[in-house]
Amino acid sequence: PGKLNWPSTVHAGKKKSELTYFLHMMPTMLDTTLKRTNTRMQERKRKGKVVPFTMHELIKWIGLVFTVGIGGGAGTRRRMWKKPNRKDLMPSADLGRFGMGVNRFEELTRYMDWSMGRADEADGASSTDRWAEVRPFISMFNELRLKTVQPGPILCVDESMVRWTGRGDEWW
């Protein structure tokens, strides 16, 4: 069977949740993403009060993106925050019940910055490399995965874990 090499900072006997596994694979990346996202928002927001995003909101945002990707739904993103109506053929998901309103979700989506640095700072960056800004993020994740995950003899990756909705979908 496969196993995970937990760092000494994670208590060995403690029950681990899905969130524990997720955070273990992204120890500094989420901090960097949160700082860069807040910086981007402060630089670009023209009107209104700037309320910095919290780590709790970032993790909640990631969960909502996965929820929509896996569960899908009919209609636009805004419709997915509406309360379900029994008369609807495809009831909405009522994503607001998870504690993040659609306006805050859209604001976080607008200012999200997954890059680990400027494109010209990235290793081997070129003007034609569309992945230059996120390549350090991906490299860091893959290095940690190699150190942490020891897969067993059977490994299954299923592309149906996140629903593909096509290029013309109204979601994004």
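Residues numbered from 1 in each chain as written. Predicted model: local features only at pLDDT ≥ 70, side-chain atom pairs only at ≥ 80, totals over all residues. Heavy atoms only, no water.

Draft legend 1. Quick look at the overall build of the protein chain. Summing up its helical and strand segments, the protein chain has five helices and two strands in all. Each helix (α) and strand (β) of the protein chain, taken in turn from the N terminus, gives the series β-α-α-α-α-α-β. A total of 172 residues make up the protein chain; the buried ones form 27% of that total. For the protein chain, the proportion of contacts with a sequence separation of at least 24, taken over those separated by at least 6, is 62%. Taken as a whole, the protein chain presents about 12500 Å² of accessible surface, with 56% of it coming from carbon and sulfur. (Helix = DSSP H or I, 4+ residues; strand = E, 2+ residues; numbered from the N terminus. Buried < 20%, exposed > 50% of the residue type's maximum accessible area, 1.4 Å probe, protein only. Contact = heavy atoms within 4.5 Å. Areas by Shrake-Rupley, 256 points an atom, 1.4 Å probe, with all protein chains shown as cover.)

Draft legend 2. Region of the structure containing the environment of R145. Position of R145 among the secondary structure elements: in helix α5 (residues 135-148). Sequence spacing of R145 and M26 is 119 residues, and the spatial spacing of their C-alpha atoms is 9.6 Å.

Draft legend 3. The packing of aromatic side chains, seen in detail. By the definition in use, this model includes three aromatic pairs. With centroids separated by 4.9 Å and ring planes inclined at 45°, the aromatic side chains of W81 and F105 adopt a geometry described as tilted. Note that W81 is positioned in the loop between α3 (55-71) and α4 (102-111) and F105 in helix α4, a separation of 24 residues in sequence. On the basis of relative accessibility, which here comes to 10%, the residue W81 falls in the buried class. Here the aromatic residues W61, W81, F105 and W114 are joined through ring pairs into a cluster of three or more. (Phe/Tyr/Trp six-rings, centres within 6.5 Å; stacked < 30°, edge-to-face > 60°.)

Draft legend 4. Spatial organisation of the packing of helix α2 (residues 29-44) against α4. Between α2 and α4, the least distance of the axes is 9 Å, while the angle of their chain directions is 95°. Comparing the axis directions of α2 and α4 gives the class roughly perpendicular. Only E107, L108 and Y111 of α4 make contact with α2, whose side of the interface consists of T37, R40, M41 and R44. Counted by class, the contact of α2 with α4 contains three nonpolar, one polar and three charged residues. (Axes fitted to C-alpha atoms, helices over the stretch in contact; angles between N-to-C directions. Parallel < 35°, antiparallel > 145°, perpendicular 65-115°, else oblique. Nonpolar A, V, L, I, M, F, W, Y, C, P; charged D, E, K, R; others polar.)

Draft legend 5. Molecular detail of α2. Taking 1.5 Å as the rise per residue, α2 with 16 residues should run 22 Å; its terminal C-alpha atoms sit 22 Å apart, in good agreement. Those residues of α2 that sit buried are M29, L30, T33, L34, T37, N38, R40 and M41. The buried residues of α2 all sit within an arc of 160° when viewed along its axis, so they share a single face. Facing away from the buried side of α2, by more than 90 degrees, are the exposed residues K35 and E43. (Expected span 1.5 Å × (residues − 1). Arc of directions from axis to C-beta.)

Draft legend 6. Structural context of the pattern of salt bridges. Counted under the stated rule, the structure contains six salt bridges. Of the charged contacts, one joins E57 and R104 as a salt bridge, the two residues approaching to 2.8 Å between their closest N and O atoms. Taken together, the residues E57 in helix α3 and R104 in helix α4 connect sequence positions 47 residues apart. Summarising the burial analysis for this pair, E57 and R104 share the class buried. With a shortest N-O distance of 4.0 Å, K83 and D94 are connected by a salt bridge. Residue K83 is found in the loop between α3 and α4, and its partner D94 is found in the loop between α3 and α4; the two are separated by eleven residues along the sequence. When its relative accessible area of 64% is taken as the criterion, K83 is described as exposed. The class for D94 is buried, based on a relative accessible area of 10%. Here the residues in one salt-bridge network are K45, E57, R104 and E107, joined through shared partners. (Salt bridge = Lys/Arg side-chain N within 4 Å of Asp/Glu carboxyl O.)

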